[in-house]
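Descriptive structure summary
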Amino acid sequence: MQYSEMSKEELLTLQAELNQQYAEAKAKGLNLDMSRGKPSATQLNVSLGLLDAINASSDLKAENGTDCRNYGVLDGIPEAKKLMADMMGTTPEHIIVYGNASLNIMYDQVSRAYTHGILGNTPWGRLDKVKFLCPVPGYDRHFAITEHFGIEMINIPMSESGPDMDMVEQYVNNDETVKGIWCVPKYSNPQGFTYSDETVKRFANLKPAAKDFRIFWDNAYVIHHLYDDKQDEILDIISECEKAGNPDMVFEFASTSKVSFPGSGIAALASSEANLADIKKSLTIQTIGYDKLNQLRHVRYFKDINGLKEHMRKHAEQMRPKFEAVLEVLNTELGGLGIGSWYAPRGGYFISFDAMEGCAKEIVAKCKEAGVKLTNAGATFPYGKDPKDSNIRIAPSFPTPEEMAQAADLFVLCVKLVSVEKLLA
Ligand code: PLP
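In the annotation of an unreviewed UniProt entry, the entry for the chain reads Aminotransferase class I/II-fold pyridoxal phosphate-dependent enzyme, and the organism field reads Lachnospira intestinalis.

Okay, structure coming up:
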C-alpha cells in the first residue's frame, strides 16, 4: 500500500514498528562507508599485475624509440595516445595524455580559460559574469571547480536520455555569459544514465552565443559496464562536433582511475587540433612532460582496447553483486510504497535514489546515526543545495556484497521512517 494512502492511525502504528526496528538496527553497531565511489581492496587486486608490467629488466623505450626514463614528450607516448583514444572512442591525433588523474585536467581547463582565455578570447576572469550549466544531479567535484572560480552555476534537470536539451539550447544559444556545461555522458554520476544519440547530436549542433563556450564532456565511465549483454553505447562527441561544423566546442576527459588504480592511472584530454595547440602553449610552461613510465606500463599491461575490455569484465564481476544486492533490497522493501524512486544502471559506480521531497538530509542523518555513512545529501547539486532535498547517491563499490545488503536494509528502514515522519508532520 502506498504510504500516502494510509490513515493517520496506520501511519502511527507503522512509525512505532519502524522506530523499534531502527533501535535494533542501531544496536548492531554497523560501521560502513558508502560515501565515495572508490573500489574495494579486493577489486584493486584485479589490477596488481600492472605493477609487474615493467621492471628493471624491461625495454623501457616507447614504440617510437623514446626512452621513457628520461625527460621529453609533452603529450604522451604514441601507444598511450592510441590506448586512450580507443577507450574514448576517438583517434590519437585528438589526444593529449596527461598524468595520474583527469580531475586536474578539468581544473586546468577552467583555470586557463580564466587566466588566459580560450583561443584568443577574453579570459573569463576579466568578465563580469561567467556561467556554467550543471545537469543535476551531478558530480560534486565538478561543481566544486566552478564554485572555486566564482562561476555561477545553473541547474539543468536530467532525464534518462540526458540533460533537458531544450533548456541547454535556450541558455547556450542566447546567453553569451554561459561558457560551459559539465557532462558525464555515459553511466552518469550519480544516475547511471547514458545520453541518447539525439542528445549527443543536439549538443554537437549547439549554436553558442559565446565563441568560447565549451562542453566539458567527462567520459569517466566510458568502459565501466556492469553486464556483458546489457551495455550502453554513446556516439563520439568529437566527430559529431566536427560534422556539425563545431570542431572546437568540446573538451573530453577520461582516465584509467577506475580501470587500474585510482590516483595512479593515466588520464587524457581529447579535443580539436586548434584547442590542443592552444593548450600545449601553456602545458609546455607547466611541465616538461608527464610520467611516461606509467603510460608505458599501462600499455604493456592492457595491450589494447580488447585487453581493457577484458579487464573491465573482471571489475564488473565484483561490482555487479553489490549493485544487485542494493537493487534487490530497494525493489522488495520499497517497491509500490510511493516513497522513493531509483534506476537500475547498466554501468558506472552509483545508484541514485530520489526520496520524497524534503527527506534526503534526514535519511542520510539517520543512516549515519546507525553506522552507515552516505554521501552528504545535497552533494549532487551545485553549492551542495538540492532544491527538493530529495536526491541521495549510493556508492556500492567499497563494502562487500554482504555489508552492502546490510547497509541497504538500514537505508530502506531509514527511508520508511523518515517518510512516515514527513507524512505525519
Ligand atoms: N569524473 C567523474 C564523473 C567521477 O565520478 C570521478 C570519480 O569519482 C572522476 C571524474 C575522477 O577521476 P580522476 O580520478 O581521473 O580524477
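Strand order in the open sheet made by the eight strands is E2-E9-E8-E7-E6-E3-E4-E5, with mixed pairing throughout. Because the sheet does not close on itself, it has two edges, and the strands there are strand E2 (95-97) and strand E5 (162-163). Relative to strand E6 (residues 178-183), strand E3 (residues 131-136) is paired through three bridges, and the arrangement is parallel. Bridging from a neighbouring strand, Leu133 pairs with Ile181 of E6.

What follows is about the sheet that holds strand E10 (residues 340-342). Read from one edge to the other, the open sheet built from three strands follows the order E10-E11-E13, with strand pairing classed as antiparallel. Unpaired on one side and paired on the other, E10 and strand E13 (391-394) mark the two borders of the sheet. Taking the axes of each pair of neighbouring strands and ignoring which way they run, one obtains an average angle of 25° across the sheet.

With that out of the way, let us pick up the site of the ligand. Around the ligand, the surrounding shell holds 13 residues, and the nearest of these are Ala101, Ser102, Leu103, Ser255 and Ser257. The class makeup of the residues in the shell around the ligand is seven nonpolar, five polar and one charged.

Taken as a whole, helix H6 (residues 165-174) has its buried residues at Met165, Val168, Tyr171 and Val172. Looking straight down H6, one finds that the buried residues subtend no more than 130° of arc, so they occupy a single side. Residues Asp166, Gln170 and Asn174 are exposed on H6 and point more than 90 degrees away from its buried face. On its buried face, H6 is in contact with E3, strand E4 (152-159), E5, E6 and helix H7 (197-204).

Calculation criteria
Residues numbered from 1 in each chain as written. Predicted model: local features only at pLDDT ≥ 70, side-chain atom pairs only at ≥ 80, totals over all residues. Pairing = 2+ DSSP bridges. Helix = DSSP H or I, 4+ residues; strand = E, 2+ residues; numbered from the N terminus. Axes fitted to C-alpha atoms, helices over the stretch in contact; angles between N-to-C directions. Near = placed C-beta within 6 Å. Nonpolar A, V, L, I, M, F, W, Y, C, P; charged D, E, K, R; others polar. Buried ≥ 20, exposed ≤ 12 C-beta atoms within 10 Å, placed from the backbone. Arc of directions from axis to C-beta. Contact = placed C-beta atoms within 7 Å.

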